[in-house]
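# Summary of structural features
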Amino acid sequence: MIKPIADLILTPDQSRYSLVVAIAKRAREIAETAEKNREVLEKKPVEIAVQEYVNHEFTMIEKTTASDDTED
């Protein structure tokens, strides 16, 4: 994913790494579905996944890590 594009579609609280992982997972799903249905895709699966994300057709959910505020 090109850095300037990621900067345009990410909110300040979202991780670039999470975006790349989400796009890659969705692209893999698209490719597997097309292969299973014997479809020929006009665009690359990554392009389709990015467009779906921009159009809010899928979202990514980031896990938040527990803070280090543990009691001794």
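First, a word on scope: everything that follows refers to the structure included in this document. From a predicted model like this one, the values you see are computed outputs, not experimental measurements.

## Focus on the overall build of the protein
- Check the secondary structure of the protein and you find three helices and zero strands.
- The N-to-C order of helical and strand elements in the protein reads α-α-α.
- The buried share of the protein, taken over its 72 residues, is 22%.
- Across the protein, the fraction of contacts at a sequence separation of at least 24, relative to all contacts at a separation of at least 6, is 45%.
- With the model as given, the accessible surface of the protein reaches about 6300 Å², and the carbon-plus-sulfur share is 52%.

## Some remarks on the packing of helix α2 (residues 16-36) against helix α3 (residues 45-54)
- Their axes nearest at 8 Å, the elements α2 and α3 cross at an angle of 120°. Comparing the axis directions of α2 and α3 gives the class oblique. α3 is crossed by α2, and the crossing has right-handed handedness. Contact residues: α2 offers Leu19, Ile23, Arg26, Ala27, Ile30 and Ala31, while α3 offers Pro45, Val46, Ile48, Ala49, Val50, Glu52 and Tyr53.
- Considered class by class, the residues forming the contact of α2 with α3 number 11 nonpolar, no polar and two charged.

## Notes on the pattern of salt bridges
- As enumerated under the stated definition, the model contains two salt bridges in all.
- With a shortest N-O distance of 3.1 Å, Arg26 and Glu29 are connected by a salt bridge. In this pair, Arg26 and Glu29 both sit in helix α2, three residues apart, roughly one turn of the helix.
- What makes Arg26 partly exposed here is its relative accessible area of 22%.
- According to the relative accessible area criterion, Glu29 is partly exposed, its value standing at 42%.
- One salt bridge in this structure joins Arg26 and Glu52, with 2.6 Å as the shortest N-O distance. Of this pair, Arg26 sits in helix α2 while Glu52 is found in helix α3, placing the two residues 26 residues apart along the sequence.
- Because the salt bridges share partners, they merge into one network encompassing Arg26, Glu29 and Glu52.

Cut-offs applied
Residues numbered from 1 in each chain as written. Predicted model: local features only at pLDDT ≥ 70, side-chain atom pairs only at ≥ 80, totals over all residues. Heavy atoms only, no water. Helix = DSSP H or I, 4+ residues; strand = E, 2+ residues; numbered from the N terminus. Buried < 20%, exposed > 50% of the residue type's maximum accessible area, 1.4 Å probe, protein only. Contact = heavy atoms within 4.5 Å. Areas by Shrake-Rupley, 256 points an atom, 1.4 Å probe, with all protein chains shown as cover. Axes fitted to C-alpha atoms, helices over the stretch in contact; angles between N-to-C directions. Parallel < 35°, antiparallel > 145°, perpendicular 65-115°, else oblique. Left-handed = near helix turned anticlockwise from the far one by under 90°. Nonpolar A, V, L, I, M, F, W, Y, C, P; charged D, E, K, R; others polar. Salt bridge = Lys/Arg side-chain N within 4 Å of Asp/Glu carboxyl O.

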